[in-house]
Amino acid sequence: MSCFHMLFRHRRLIWNLTLLDFRLRYAGSRLGLVWMLLAPLLMLGAYLLLFGGILQVRPDQSSTGVEYGLLIACGLLPWIGFSEGVTRGTASVLAQRNLIKSHVFPMELFPVSAVCAGLIGQLCGTLLLLVLLGLRGMLGPNLAVLPFLLILQALFTVGLVWFLSCVNIIYRDTSQVVVLMMVLLMFISPIAYTQEMAPAGLKLVVELNPISYLIEGYRNALLYNQFPNVRGLVIFGGLALLVLLAGYRYFMHLRRVLPDYV
Amino acid sequence: MDTAAISVKGVSKVYKLYRGRSKRLLDFFSLGFGEGRHDEEFCALDDVSFEIPQGTTVGIIGRNGAGKSTLLRILTGNSSPTKGEVEIKGKVSALLEIGTGFHPELTGQQNIHVSGVYLGLTQEEIDRLYTDIVAFSELEDFIHQPVKTYSYGMYMRLAFSVSTCINPDVLIIDEVLGVGDAYFSRKCFNRIRSFMECGKTVLMASHDLLALQRLCTRLLWIDHGRLMMDGPPLEVLRAYAASVREQEERRFRAKVPATHHDASSLREKGLIYGSGEILITEVKCLNHVGQEQHQFSVGEPLTIRMRYKTRVPVVDPVFVAALYRIDGVTICQAISSRDGVKFDKLDGQGFVDVLFDRPLLGPGQYVVSVAIFPSLDLLDQLGQTPYDLHDRLYGFQIEPLVDCALDLGMVLHPVSWRHSRGE
């Protein structure tokens, strides 16, 4: 519980760091924040072109290209938030090595702010998607689950990143490996397909992938206006908590010696 | 006033050195569960204890790698001691490496805000301090430019201003004095002094011995991770200077013989030349008890000893020893014939001493040439062919004064004073 207490106590600092993260990422670039929307849109376009246009994938016979596009968007948004958080978060502590050596700073916040920055990008995209869905009249009361899903996703990612950012300090290759793993994970996550569409051989893989539950949750809330699959939600929620607490313990266990290794 | 602001009890810091990475990873993962996978240990700090009362300014001196920074990092909480305890009362602020939180693409103003966040200040506090910071840095005209366009001096000025804007109870400084030009350097100096005057506790490590002496009331000398001495500045500085001198001396000694053995190659390079009837076989700088020495303090008696060996007997040669400043300016030349010294017939071996009983030389590095001439016509500017001449192959050093920051010049010339009042 000290973990939640810490997060709450530093909430303003986390917010400041997250803003800073944004500012730094786009400082000096011309398009600035436009990139934040441009990158996911480009990715969505690429997905649509490849799976919808060339491979002619459809969740079922009756669905249109637009519906398929929305389905991809619902999968892509949490994925981008998650993978941004993980890749940036893993490198975040090491990236601040100068600061860690010269300032007395709660460094467990760097991974947190990296994850938050990823989530903000996701949120902006989600708002855009909500407008789109609203125009099509597809929104329903089950949307209320969305914040809950976001929180679970954040906790899961933060826990994971606490662990990975520590390991990255000793094994600098970690961040490279993580980037690769993210590419692989992207393909076994049901972004451009649904869990049902996965072939029998791959079903187990998709089911073991925690991100599947997350994406499914988002789809249910946004697209199908269904209450999320309770079993999936409980599994993911439990996992998120477990990962968060374990990651926190690991980080705090090592934080005293970390400055000697960076 | 007599409560300790900083108390350090038996602090040791051991770094584990690993030969393989996998061992290091294993040790890292199982931290606290298993020990002893590392191959070697390096003791950066060894059982250091001291207490610093509130409101005092204490300096830390020591050579590079002596453990100063490790100690300061432990005090600020950036590193944890392997053994021992550290206790600090009050809010600590550290200037370890300044300007490290700056981002080149952001403007000066944005960077002030960023650093404020890193220093743990709230938005309101930063806004309140902002004007002060800009005013102190004197960068009003550039504050809205990205810091990547700043010169190094401007960058450091901003960094120092930001780092010292906060108002801590204990200030820990690691070698950041003297940033910017002389003017700003003085400003920094005064700021630290005003901290002290407000009754804050200041602990600073520096290589600027004079600054330490001016600011501190007490010095700690750390060498090889051990606290060597703890006392009044002048005493500690003297002991420290003596030890540095000893080490320099050892380094010199290790270096010198090479030039001696290599007389033939030096001859080829034209650094030793002459007709060779009589040769200089060895040159040494000696102290007052006749021991070889390369570091002298101001006014310490110094002797230059030239050993010679004749190949054929020579009659009344002229011995010369010349001193140069490191940039080649001739300081003085001692010429035996000019001083009325006669040697008659020399055959075999012996030595000639040039005694500087009360040298007037100021602190600095000096280079020595020695030569033996058949005769020396002082009116002939070009000089004659020597029997043997060693061109600037030797040297010694006069140490800077511990208690004087002023450049007293090349010559500490004795003078007398006279004063008369009125017209």
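Residues numbered from 1 in each chain as written. Chains lettered and ligands numbered in written order. Predicted model: local features only at pLDDT ≥ 70, side-chain atom pairs only at ≥ 80, totals over all residues. Heavy atoms only, no water.

**Observations concerning the overall build of chain A**
A tally of helices and strands in chain A yields 12 helices and 0 strands. Element order for chain A, N to C, with α for helix and β for strand: α-α-α-α-α-α-α-α-α-α-α-α. For 262 residues, the compact-globule estimate of 2.2 N^0.38 gives 18 Å, and the C-alpha radius of gyration of chain A, at 19 Å, lies within 12% of that figure. Overall, the C-alpha framework of chain A stretches about 60 × 45 × 35 Å when taken along its three principal axes. Sequence-distant contacts, at least 24 apart, represent 79% of the contacts inside chain A between residues at least 6 apart. Carbon together with sulfur atoms contributes 70% to the accessible area of chain A, which is approximately 12200 Å² in total. (Helix = DSSP H or I, 4+ residues; strand = E, 2+ residues; numbered from the N terminus. Rg over C-alpha atoms; globule rule 2.2 N^0.38 Å. Contact = heavy atoms within 4.5 Å. Areas by Shrake-Rupley, 256 points an atom, 1.4 Å probe, with all protein chains shown as cover.)

**Focus: the overall build of chain B**
When its secondary structure is counted, chain B shows 9 helices and 20 strands. Residues counted as buried form 45% of the 423 residues belonging to chain B. (Buried < 20%, exposed > 50% of the residue type's maximum accessible area, 1.4 Å probe, protein only.)

**What about the side chain of B:S163?**
All names here are of chain B. Within the secondary structure layout, S163 lies in helix α5 (residues 152-163). Of the polar contacts made by the side chain of S163, one reaches the backbone oxygen of A159; its length is 2.8 Å. In this structure, S163 is in contact with S93, L95 and I98, ignoring residues within four places of it in sequence. (Polar contact = N/O pair within 3.5 Å; in protein donor to acceptor, adjacent residues only side chain to side chain.)

**A few points about the environment of A:F251**
Relative to the helices and strands, A:F251 resides in helix α11 (residues 230-254). Beyond its immediate stretch of four places on either side in the chain, A:F251 contacts A:V93, A:M107, A:E108, A:P111, A:W162, A:S165, A:C166 and A:L258.

**Considering helix α3 (residues 34-54) of chain A**
All names here are of chain A. For α3, built from 21 residues, the straight-helix expectation of 30 Å at 1.5 Å per residue is met to within 8% by its first-to-last C-alpha distance of 28 Å. Maximal helix bending in α3 amounts to about 25 degrees, located at L48. Taken together, the buried positions of α3 are occupied by M36, P40, L44, Y47, F51 and G52. Those residues of α3 that are buried are in contact with α2 (11-26), α4 (65-95), α6 (109-135) and α8 (174-187). At the C-terminal side of α3, Q56 shows a positive phi close to 55 degrees. (Expected span 1.5 Å × (residues − 1). Bend = angle between axes of the 7 residues up to and from the residue.)

**What about the side chain of B:R218?**
All names here are of chain B. By secondary structure assignment, the location of R218 is in strand β8 (residues 218-223). Separated by 3.0 Å, the side chain of R218 and the backbone oxygen of E51 make a polar contact. Apart from residues lying up to four places away in sequence, R218 is in contact with F50, E51, I52, P53, T57, V58, G59, D230, G231 and P233.

**Points about the sheet that holds strand β18 (residues 349-356) of chain B**
Residues and elements named next belong to chain B. Strand order in the open sheet formed by 3 strands is β11-β13-β18, with antiparallel pairing between adjacent strands. Two strands lie at the open edges of the sheet, namely β11 (278-286) and β18, each paired on one side alone. The sheet shows a mean angle of 20 degrees between the axes of neighbouring strands, direction not considered. (Pairing = 2+ DSSP bridges. Axes fitted to C-alpha atoms, helices over the stretch in contact; angles between N-to-C directions.)

**Describing the nonpolar core**
Nonpolar side chains in soluble globular proteins tend to end up buried together. One finds A:W162 and B:L158 to be the most contacted residues of the largest nonpolar core, which totals 125 residues. Among the elements that make up this core, the one with the highest residue count is helix α7 (residues 145-170) of chain A (16 residues). If near-sequence neighbours (up to four positions away) are discounted, A:W162 is found in contact with A:C3, A:M6, A:L7, A:E108, A:P111, A:V112, A:L244, A:G247, A:Y248 and A:F251. Listed in part, the 30 residues of the second largest apolar core include B:I272, B:C285, B:V354 and B:L393. (Core = buried A, V, L, I, M, F, W, Y, C linked by side-chain atoms within 4.5 Å.)

**Focus on the interface of chain B and chain A**
Counting residues at the interface gives 31 residues for chain B and 35 residues for chain A. Where chain B abuts chain A, roughly 3000 Å² becomes buried across the two surfaces, and 60% of that area is made up of carbon and sulfur atoms. One can count 1 salt bridge joining chain B with chain A. Linking B:E124 and A:R12 is a salt bridge whose minimum nitrogen-to-oxygen distance equals 3.7 Å. Of all the elements in the fold, those that place two or more residues in the side of chain B that touches chain A are β1 (4-17), α1 (21-29), α2 (68-76), α3 (108-118) and α4 (123-137) of chain B. (Buried area = accessible area lost by both parts, 1.4 Å probe. Salt bridge = Lys/Arg side-chain N within 4 Å of Asp/Glu carboxyl O.)

**Considering the sheet that holds strand β5 (residues 92-95) of chain B**
Residue and element names in this part refer to chain B. Judged by pairing direction, the sheet is mixed, and its 6 strands sit side by side in the order β5-β6-β7-β3-β8-β9 without closing on themselves. Looking along the sheet, the strands with just one partner apiece sit at the ends: β5 and β9 (226-231). Each neighbouring strand pair of the sheet contributes to a mean axis angle of 15 degrees, computed without reference to strand direction. Of the pairings in the sheet, the one linking strand β3 (residues 57-61) to strand β7 (residues 201-205) comprises 4 bridges and is parallel in character. From the neighbouring strand, V58 faces β7, where its bridge partner is L203. α2 rests against β3, β5, β6 (170-174), β7 and β8 of the sheet, and its axis sits at about 150 degrees to β6.

**Considering the confidence of the model for chain A**
With 99% of its residues at a pLDDT of 70 or more, chain A has an overall mean of 87. The least confident element of chain A is helix α12 (residues 258-261) of chain A, whose mean pLDDT is 80; the most confident is α7(A), at 93. (pLDDT = per-residue confidence, 0-100.)

**So, the pairing of β7(B)**
All names here are of chain B. With 5 of its 5 residues buried, β7 lies for the most part within the structure. Where burial is concerned, the two faces of β7 agree: the one with T201, L203 and A205 and the one with V202 and M204 are both buried. Pairing between β6 and β7: 5 bridges, direction parallel. Paired with D174 across the bridge in β7 is A205.

**Here we look at the packing of α4(A) against helix α10 (residues 210-222) of chain A**
All names here are of chain A. Packing of α4 against α10 leaves a shortest axis separation of 9 Å and a crossing angle of 135 degrees. In terms of orientation, α4 and α10 fall into the oblique class. In the packing of α4 onto α10, the handedness of the crossing is right-handed. Every residue of α10 that contacts α4 at L71, C74, G75, P78, W79 and F82 is listed here: I211, L214, I215, Y218, R219 and L222. Tallied by class, the residues present in the contact of α4 with α10 amount to 10 nonpolar, 1 polar and 1 charged. (Parallel < 35°, antiparallel > 145°, perpendicular 65-115°, else oblique. Left-handed = near helix turned anticlockwise from the far one by under 90°. Nonpolar A, V, L, I, M, F, W, Y, C, P; charged D, E, K, R; others polar.)

**Describing α4(A)**
All names here are of chain A. For α4, with 31 residues, the first-to-last C-alpha span of 42 Å sits near the 45 Å given by 1.5 Å per residue. Roughly 30 degrees is the biggest bend found in α4, and it falls at G89. Most of α4 is tucked away, with 23 of its 31 residues classed as buried.

**Focus: unusual backbone geometry**
All names here are of chain B. In this structure, D47 takes a positive phi of about 50 degrees despite not being glycine. Tracing the sequence through the fold places D47 in strand β2 (residues 40-53). Even without being a glycine, E138 presents a positive backbone phi close to 55 degrees. Relative to the helices and strands, E138 is located in the loop between α4 and α5. Residue E138 is classed as partly exposed on the basis of its relative accessible area, which comes to 32%.

**Regarding the packing of aromatic side chains**
Here the structure, examined in full by the defined rule, presents 16 aromatic pairs over all chains. An aromatic cluster is defined as three or more aromatic residues linked by ring pairs; in this entry it consists of A:W79, A:F82, A:F156 and A:F236. The ring of A:F22 carries the charged tip of A:R25 above its face, separated from the ring centre by 5.4 Å. The cationic tip of B:R392 hangs over the ring face of B:Y324; the distance from NZ or CZ to the ring centre is 4.1 Å. (Phe/Tyr/Trp six-rings, centres within 6.5 Å; stacked < 30°, edge-to-face > 60°. Lys NZ or Arg CZ within 6 Å of the ring centre and 35° of its normal.)

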